[in-house]
Amino acid sequence: MFDRLKWDAQGLIPAIVQDATTQQVLTLAYMSRESLQRTLEIGETVFWSRSRQELWHKGATSGHTQKVKAIMVDCDADSLLLLVDPAGPACHTGAISCFFTPLTSLSGDE
């Protein structure tokens, strides 16, 4: 099944994480073959940290794990959608979702 996925040049695939109950998009992360396999094994999200260059089990230190309910592949097989049951906020800032900053606030436009 992994061979059908379209991994990028670094061996990663984007993974959109969405709350299975509220449908709120929580974050966008990246998965390697190893992190996807580990996610399937333990039933919680495990990603590849591009900044630290290592596996990252979401919530391993914070307790804010994400129990995986389903994993969907998009029509081009180049991205994943993970439906999860979150145990706390997804964002390292403490926000429920990582998507809380309007684009206009970055440029100063109103």
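In short, a report on the structure. All of these numbers come straight from a predicted model, not from anything done at the bench.

**Topic: the overall build of the protein chain**
Scanning the protein chain from N- to C-terminus turns up two helices and six strands. Helices and strands in the protein chain line up, N terminus first, as β-β-α-β-β-β-β-α. A compact globule built from 110 residues would reach a C-alpha radius of gyration of about 13 Å, and the protein chain, at 14 Å, matches this within 12%. Based on the C-alpha atoms only, the size of the protein chain along its principal axes is roughly 45 × 30 × 30 Å.

**With respect to the pattern of salt bridges**
Evaluation of the coordinates by the stated rule reveals three salt bridges. Put simply, Glu41 and Arg38 hold a salt bridge, and the shortest N to O gap is 3.7 Å. Residue Glu41 and its partner Arg38 are both found in helix α1 (residues 33–42); the two are separated by three residues, about one turn of the helix. With a shortest N-O distance of 3.1 Å, Glu54 and Arg52 are connected by a salt bridge. Among the residues examined, Glu54 registers a relative accessible area of 38% and is labelled partly exposed.

**Re the environment of Cys75**
When you line up the elements, Cys75 lands in the loop between β5 (66–73) and β6 (80–86). Here Cys75 falls in the exposed class, since its relative accessible area comes to 78%. Along the backbone, Cys75 and Gly11 are 64 residues apart, and their C-alpha atoms lie at a distance of 19 Å.

**A closer look at the nonpolar core**
Residues Met31, Leu36, Leu80 and Leu82 are the most contacted members of the largest nonpolar core, which totals 16 residues. Within the residue set of this core, elements represented by two or more residues are β1 (13–19), β2 (25–31) and β6. With residues up to four places along the chain from it excluded, the contact list for Leu80 reads Leu5, Ile13, Pro14, Ala15, Ile16, Met31, Leu36, Ile71, Met72 and Val73.

Parameters and conventions
Starting afresh in each chain, residues are numbered from 1 along the sequence in its written order. Confidence filtering applies because this is a predicted model: local features only for residues at pLDDT of at least 70, side-chain atom pairs given and counted only at 80 or more, and all residues used for totals across whole chains, interfaces and linings. Values reported for side chains reflect all heavy atoms of the structure, with hydrogen atoms and water molecules removed beforehand. Only DSSP runs of H or I with at least four residues qualify as helices, and only runs of E with at least two residues qualify as strands; both kinds are numbered from the N terminus onward. Here the globule rule reads 2.2 Å times residues to the power 0.38, and the radius of gyration is calculated from C-alpha atoms. Here, a salt bridge means any side-chain nitrogen of Lys or Arg that lies within 4 Å of a carboxyl oxygen of Asp or Glu. Only protein chains enter the calculation, and the probe is 1.4 Å; a residue is then buried if its accessible area is under 20% of its type maximum, exposed if over 50%, and partly exposed in between. In these notes, a set of buried Ala, Val, Leu, Ile, Met, Phe, Trp, Tyr and Cys residues joined through side-chain atoms within 4.5 Å is what counts as a nonpolar core. Pairs of residues are marked as contacts when any of their non-hydrogen atoms sit within 4.5 Å.

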